[in-house]
Structure formats: C-alpha cells, structure tokens
Amino acid sequence: MSKSDKLLYLECYSGISGDMTVGALLDLGAREEVLRRELAKLPVTGYDLKVGRTKKCGIDACDFDVILRDEPSHGEHPHGHHHHGEHIHGESHMHTHEHTHEDHHAHEHRTYGDISRMLRESSLEEPVLETAKKIFHVVAEAEAKVHRMPLEEVHFHEVGAVDSIVDIVAAAVCLHDLGISRVAVSVLHEGTGTTWCQHGRIPVPAPAVLEMMARYGLPVKITENEGEMITPTGAAIAAALRTETALPERFVVKKIGMGAGKKEFAQANILRAMILETKEFSGQKGAKEGRKEDPPKESVWVLETNVDDCTGEQLGYTIEQLMDAGALDAGCFPVGMKKNRPAYMLQVICREDQRESLENLIFKETTSIGLRRYQESRRVLEREFADADTPWGTAKVKVCSHHGERYYYPEYSSVKEISKKAGISLQAAYHEIQKAAEPGERTEG
C-alpha cells in the first residue's frame, strides 16, 4: 500500500487526549524503541515512560503514561505522577495527575517562545519537528486568544509541562514512524459540566478547547458524560493533523489501534485509530496494472507582499515564525519597486486552514500594509522516510517516487550530524548517506 493510499482515521467517540493518541499509534505499530530514541533528543528530563496494556469496558488497549518524578525537596521519597490525559489547560490552569487541584506540586511553566526554541535546538528529525511545531502553534493561538496576549508571551501551565511536551512530540514521532501523511478525524465527543482551573471552576469544553473547535471547524457532539473528555493537547492534535474533512466512500480497514484513556465513562474510554486503504476498488483485477500515475494534486494558497522598508532581521525572523506556524514553504525574492528602491517579495505557501493566521502573522511581523493571495494547485511526489546505516550511525533519508523511479534525499540534520562525527565535508557526508540508502543497502524506517 503506497503512502498516498494510506489514511489514518481517529475515532474520537470517547474524546481525545495526548496519551490516548500516542497509545493508539503505538498499538497500530509505531515502534517504542524509535519513540524513546527520539524523545531522548529533547532537553527535557524528570520523567519516565511506561507503555503497557489495560482493559476499558473489557476492551484491550495500549496504555501510555508519562510518569513525572517528584523533586525530593519535601523530604519524601520520589514517586511517579501517573499521567491521566485530563490536563487542565492554559495560562490559568494547573496540572492534575493523580492529585487534586488543591495539591501544590511545582511544574515548570514555559512560554510558547521557550518551546519553539527548544524544538529548533533539538536534533529531532525534520518531519517530526514540523508536526510538533504545528501542534504547539495550534494550542498557542488558542491560548493567546483566550488570554488576549501576544503569541510569544503565552505562558503554558499545561502544554509547557513535561508530560504534555512529551505527549505532543511522541504523537509526532509515532505518526512519522508509521509513514502517515493523511489523517481524518471523527466528530469529537465532549462531556458537560465544569472542571477545575487554578482560579476556580470553568465550563466544559474549556475555553482553549472551544477556541480550537471554532478556529479549525472541528465537529463536536456534547454528551451526557460529566467532566472533560477533550484535553487541549487532544484538540490541538486533532486540529493540526486533520487533512481530510470526511472519510472516503469506500475503504478497507488494514489495521486497528486502541489507546486507553484514564477516566471511566459509561462507554469505553478509548481512542480507536485505524489505518485505512483508500485506493479505488474497481473489481477488475489488474485494470490499472502498468499504468504510471502522476503525483496527486492539491489546492494551496499563495500569499505575497512586497516590502522596501523592512530589515533583513525582520524578514528572517518572519520566515522562521511562518514555518513554525505551519506554512508549507516561505521565502524572500529581490524585486525593484515603483520608486526604484530595492526591495523583497515575501512569498508564503499554505493550506486553507492556515491562511488567515499566517496573513495576520505577516502584518504583525513586517511593515506590510497589504498582501496578495491566490489559489494554486500543486503536485507533490509520493514520499516516505527510510533509515540508512552508515559507519558513523543511522541517517534519515527522504525517498521520493515518480513514474517508477525512486530518488534518495538525505535529511539535512542527519547529514550535519554524520559530517561532524566523521570529520568530513557536508557534501561528502551527503554522498555517503545517499550511497548507503541505495536499494539493498538500507532498512525501512
């Protein structure tokens, strides 16, 4: 089954949280050893991972836990906080693991800027990094709106804490390890009533979750269950990963994964994840055999603005922020403007659901007072990622296919790492990795 035929479907009939998502993806076949290896690249400590099995209403499911270690400053023996996927959100919220809102365990709070820098400085693989940045940005947008403050200054109590950082990056790692690029999400089921925050009770859905639902058009159904079923991390994962708004008319279920939640409802508190095969089933065996198909087309938005009074530092920072915010591509091109002044055209390519937020970012970070926008179609080669074994370690390679030909492009982060380890030039490292990735000499990632 080619990557373009593979669709991940998240069935959120008992809500969605970060730990439920990671559990479901591990149950689908994402490799625990890859997950642990990638998470070790983060400058985050003070936690242990626990992957096991549990039953919810008699249904066997994968149970993923981030267990926080207490600081031994209270004269007590360290013990774990078992991550419940019931985080309470945003700047005005505090963590709940097995303790109540009255407990006073200290958790590190980080700003969105802190998290963005932490991700940029990590050695995470590029696709993992981009997915994680997109999920964090979705939460940051919602919190900035709810608290009426600049994006970079949003202080996260929930998403800034260790377990939620691990959840988000872990979901990105597992998605990449499974080779998933298309995701559909069911109606999100939510509970009723209120939940505790740092300053008292707030309604369910929590404000940040509700903001994500509105901004990204996430379909929701309010159930009679008491309490929160959708966490901010879960809502952000659904919003950031969703590429399809509906299931195809016909498909074949190839694999099923069950991720356990930590709450008890009338129904099983699980997230079901399914890998669906969506290619056409004509009933005529071999009808398409031998046919060379072009890469699939998709519609994207192009945003452009010309500026002659914006510094290089501003433009460089803006491009960095645009990519962090989910742009597919961004760049600057020299142009001459009407008063014969040299200037730059800033161009951004993005999907529909990112267009408005990226336009706002351009106006905020540059001197632009207007921009052009238009839709274009683009073709993207089918791609997957593979591991190439070299004498200096494993390197990541992007493998693209077109009309029966395969092309191997080593990832820059891997090339840089091998170059340093081997003491050879970047170009030499690139060729060594590319050679190791040739058919018969590489292992699928």
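Everything numeric in this text was worked out from a predicted model, so none of it was measured.

Participant: Could you clarify how one ought to interpret the environment of Pro-391 in this entry?
Facilitator: Inspection of the secondary structure puts Pro-391 in the loop between strand E18 (382-390) and strand E19 (393-402). On the accessibility criterion, Pro-391 (72% relative accessible area) is exposed. Separated by 27 residues in the primary sequence, Pro-391 and Ile-418 place their C-alpha atoms 9.2 Å from one another.

Participant: Explanation requested: the environment of Asp-167 in the structure shown.
Facilitator: Considering the arrangement of structural elements, one finds Asp-167 in helix H5 (residues 162-177). Residue Asp-167 is classed as buried on the basis of its relative accessible area of 0%. Considered as a pair, Asp-167 and Ile-237 are 70 residues apart in the sequence and their alpha carbons are 9.9 Å apart.

Participant: Is there a simple way to think about helix H2 (residues 32-39) in this case?
Facilitator: An α-helical turn contains 3.6 residues, so a residue and the one three or four places further along point in the same direction. If you check which residues of H2 are buried, you get Val-34, Leu-35, Glu-38 and Leu-39. Seen end-on, H2 carries its buried residues on one side only, within an arc spanning 125 degrees. Where H2 is buried, its residues meet helix H1 (18-28), strand E2 (47-56), strand E3 (59-69) and H5.

Participant: How should the pairing of strand E16 (residues 342-350) be read in this particular structure?
Facilitator: For a regular strand, side chains alternate in direction, first toward one face of the sheet and then toward the other. Here 8 bridges tie strand E15 (residues 329-336) to E16, and the two strands are oriented antiparallel to one another. Note that in E16 the partner of Asp-329 across the bridge is Ile-349. A loop of 5 residues connects E15 with E16, the two strands running antiparallel in sequence, and Asn-340 in this loop sits at a positive phi of about 65 degrees.

Participant: I keep staring at unusual backbone geometry and nothing clicks. Help me out?
Facilitator: Trans is the common state for peptide bonds, and a negative phi is the common state for residues other than glycine. Here the bond from Val-204 into Pro-205 is cis, since omega is 0 degrees, no more than 30 degrees from zero. Counting through the fold element by element, Pro-205 comes out in the loop between strand E10 (200-203) and helix H6 (207-216). At Cys-57, a position not held by glycine, the phi torsion is positive, near 55 degrees. Along the polypeptide, Cys-57 turns up in the loop between E2 and E3. Unusually for a residue other than glycine, Arg-148 sits at a positive phi of about 50 degrees. Within the secondary structure layout, Arg-148 lies in the loop between helix H4 (126-147) and strand E6 (155-156).

Procedures and definitions
- Residues numbered from 1 in each chain as written.
- Predicted model: local features only at pLDDT ≥ 70, side-chain atom pairs only at ≥ 80, totals over all residues.
- Heavy atoms only, no water.
- Helix = DSSP H or I, 4+ residues; strand = E, 2+ residues; numbered from the N terminus.
- Buried < 20%, exposed > 50% of the residue type's maximum accessible area, 1.4 Å probe, protein only.
- Arc of directions from axis to C-beta.
- Contact = heavy atoms within 4.5 Å.
- Pairing = 2+ DSSP bridges.

Everything listed here is a matter of coordinates, which is why it stays silent on function.
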